[in-house]
Amino acid sequence: SMASPALLMRVVASAYSVAEKAATIVRNVMSAGDLGIVEKAGPSDLQTKADRLAQMSICASLARKFPKVTIIGEEELPTNDVTEDLIEDGHCEEILKKPCPAQYTGIKEEELVIWVDPLDGTKEYTEGLLDHVTVLIGIAYGGKAIAGVINQPYYNYEAGANAVLGRTIWGVLGMGAFGFQLTEAPAGKHIVITTRSHSSALVNECITALNPDSVIRVGGAGNKIIQLIEGKASAYVFASPGCKKWDTCAPEAILCAVGGKITDIRGNAFQYNKEVKHMNSAGVLATLRNYDYYASRIPNTVKESLVP
């Protein structure tokens, strides 16, 4: 008889379905029309009813199946009184069929940390820039992002009334990433993707130093990593604090599963163990290819301004 799937593959398979459920919640809140917007730290740090419901759904659904896993979500929310209609019990059968990479077969529940951003790109969501929005579920082991799920609830939303809305991208280190067409940015072009709503003098100084052919400003860390793996941009550069561990965990796993690299602006790897501070206070530098080219061009003045 076949051995039962390794824990990691069961967690990823569940996270896939849980992310799809969260995407449905995100779309339903938008179509119902009352976003229930709350300002957190300021006008570009927002929370909506969709963030709240999607997080409750993701965290409660995964906690029910994997009670010993540590789950850290962006929003400060009560974990009790989650209604049954928010629980997703399904899993992706395709994922369970794939063999777990050997280095992860022995993982126990209590060794995993799941980092959840229920709605990455909230500000863009409230402004109707729906293609910027993602649902992020990142899975870490030994402080390292090893697997992730990114759902784009509004993928294809401009393709007309009959288009299938949304898609789910997933990946595991040592296995690869699936649900999209891996594409490299045009050779010899330096296309930098950066923040849309958190710009600053430092952010701009850093980008200018890279002398890019073009700069794309969009919301959402998940969205920016997707632009890298689909060849729309060559480097994601954000010389500022503001990005958090739940923004980078899932995207990091998917990017690294296809041979990319992500660090802070100073070249340090991100740590994802449960005790770690949530803020990536030294910013983000990510590429699918040619990481060293961009890393070598970050000015020392920029590095010195950002303390990990």
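Quick caveat, the model's predicted, so the values are computed rather than measured.

A. Looking closely at the layout of surface pockets. There is about 690 Å³ of room inside the largest pocket. Looking at the largest pocket, it is lined by 36 residues, and the ones nearest its centre are Ser 44, Asp 45, His 198, Gly 242 and Asp 247. Of all the secondary-structure elements, those providing two or more residues to the lining of the largest pocket are strand E1 (38–42), strand E2 (45–47), strand E4 (112–120), helix H4 (122–127), helix H6 (221–229), strand E11 (235–238) and helix H7 (245–257). Across the lining of the largest pocket, the residue classes break down as twelve nonpolar, eleven polar and 13 charged. Counting contributing residues, the lining of the largest pocket receives three or more from each of domain 1 (7–175) and domain 2 (191–305).

B. Main features of the packing of H6 against H7. Taken N-terminus to C-terminus, the directions of H6 and H7 make an angle of 15°; their axes are 9 Å apart at the nearest point. With respect to H7, the axis of H6 lies roughly parallel. Crossing angle aside, the handedness with which H6 passes H7 is right-handed. Note on element contacts: H7 touches H6 through Asp 247, Pro 251, Ile 254 and Leu 255, opposite Ala 221, Gly 222, Ile 225, Leu 228 and Ile 229. Grouping the constituent residues of the contact of H6 with H7 by class yields seven nonpolar, one polar and one charged.

C. Spatial organisation of the UniProt feature "binding site: Mg(2+)" (unreviewed entry) in the protein. Residues given the UniProt feature "binding site: Mg(2+)" (unreviewed entry) here are Glu 74, Asp 117, Leu 119, Asp 120 and Asp 247. For this annotated set, covering 174 residues, all C-alpha atoms fall within 9.6 Å of each other, a compact arrangement in space. From this annotated list, the subset lining the largest pocket comprises Glu 74, Asp 117, Leu 119, Asp 120 and Asp 247. With respect to the helices, strands and loops of the structure, Asp 117 is situated in strand E4. Residue contacts for Asp 117: discarding those within four places in its chain leaves Glu 74, Thr 134, Val 135, Leu 136, Trp 246 and Asp 247. Within the structure, Asp 117 has its side chain in polar contact with the backbone nitrogen of Leu 119 (distance 3.2 Å). According to the relative accessible area criterion, Leu 119 is buried, its value standing at 1%. For Leu 119, the contacting residues outside a window of four places in its chain are Val 26, Thr 48, Ala 50, Asp 51, Tyr 125, Val 133 and Thr 134.

D. Representation of the domain arrangement of the protein in the model. Examined at the domain level, the protein breaks down into domain 1 (7–175) and domain 2 (191–305). Its C-alpha centre places domain 1 at a distance of 21 Å from the equivalent point of domain 2. At the junction of the two partners, domain 1 supplies 38 residues and domain 2 supplies 29 residues. Buried surface at the junction of domain 1 and domain 2, both sides included, amounts to about 2500 Å², of which 64% is carbon and sulfur. Remark: the boundary between domain 1 and domain 2 carries three salt bridges. Linking domain 1 to domain 2 there are eight residue pairs in polar contact (both at pLDDT 80 or more). Counting only elements with at least two residues in the side of domain 1 that touches domain 2, the list comes to strand E3 (70–73), E4, H4, strand E5 (134–141), strand E6 (144–152) and strand E7 (167–172). Ranked by residues supplied to the side of domain 1 that touches domain 2, first place goes to E6 with eight residues. Along the lines of polarity and charge, the residues of the side of domain 1 that touches domain 2 split into 18 nonpolar, eleven polar and nine charged.

E. Expanded view of the sheet that holds E4. The six strands are arranged E3-E4-E5-E6-E7-E8 in an open sheet whose pairing can be described as mixed. Across the chains shown, the open sheet's two edge strands, defined by having one partner strand only, are E3 and strand E8 (176–178). The sheet shows a mean angle of 15° between the axes of neighbouring strands, taken without regard to direction. Two strands pair when backbone bridges link them, and E6 and E7 are joined in this way by six bridges, in the antiparallel orientation. Note on E7: the bridge partner recorded for Gly 148 is Gly 171. Helix H1 (residues 7–32) contacts E4, E5, E6 and E7 of the sheet and is inclined by roughly 30° relative to E6. Helix-sheet contacts for H6 involve E4, E5, E6 and E7, and the interaxial angle to E5 is about 85°.

Parameters and conventions
Residues numbered from 1 in each chain as written. Predicted model: local features only at pLDDT ≥ 70, side-chain atom pairs only at ≥ 80, totals over all residues. Heavy atoms only, no water. 1 Å grid on protein atoms, 1.4 Å probe; cavity = no way out; pocket = protein on both sides within 12 Å on 5 of 7 lines; lining within 4 Å. Points joined across faces, edges and corners; volume = space filled by probe spheres on them. Helix = DSSP H or I, 4+ residues; strand = E, 2+ residues; numbered from the N terminus. Nonpolar A, V, L, I, M, F, W, Y, C, P; charged D, E, K, R; others polar. Domains from an automatic or database assignment. Axes fitted to C-alpha atoms, helices over the stretch in contact; angles between N-to-C directions. Parallel < 35°, antiparallel > 145°, perpendicular 65-115°, else oblique. Left-handed = near helix turned anticlockwise from the far one by under 90°. Contact = heavy atoms within 4.5 Å. UniProt positions renumbered as here; feature names shortened; annotations may be inferred. Polar contact = N/O pair within 3.5 Å; in protein donor to acceptor, adjacent residues only side chain to side chain. Buried < 20%, exposed > 50% of the residue type's maximum accessible area, 1.4 Å probe, protein only. Buried area = accessible area lost by both parts, 1.4 Å probe. Salt bridge = Lys/Arg side-chain N within 4 Å of Asp/Glu carboxyl O. Pairing = 2+ DSSP bridges.

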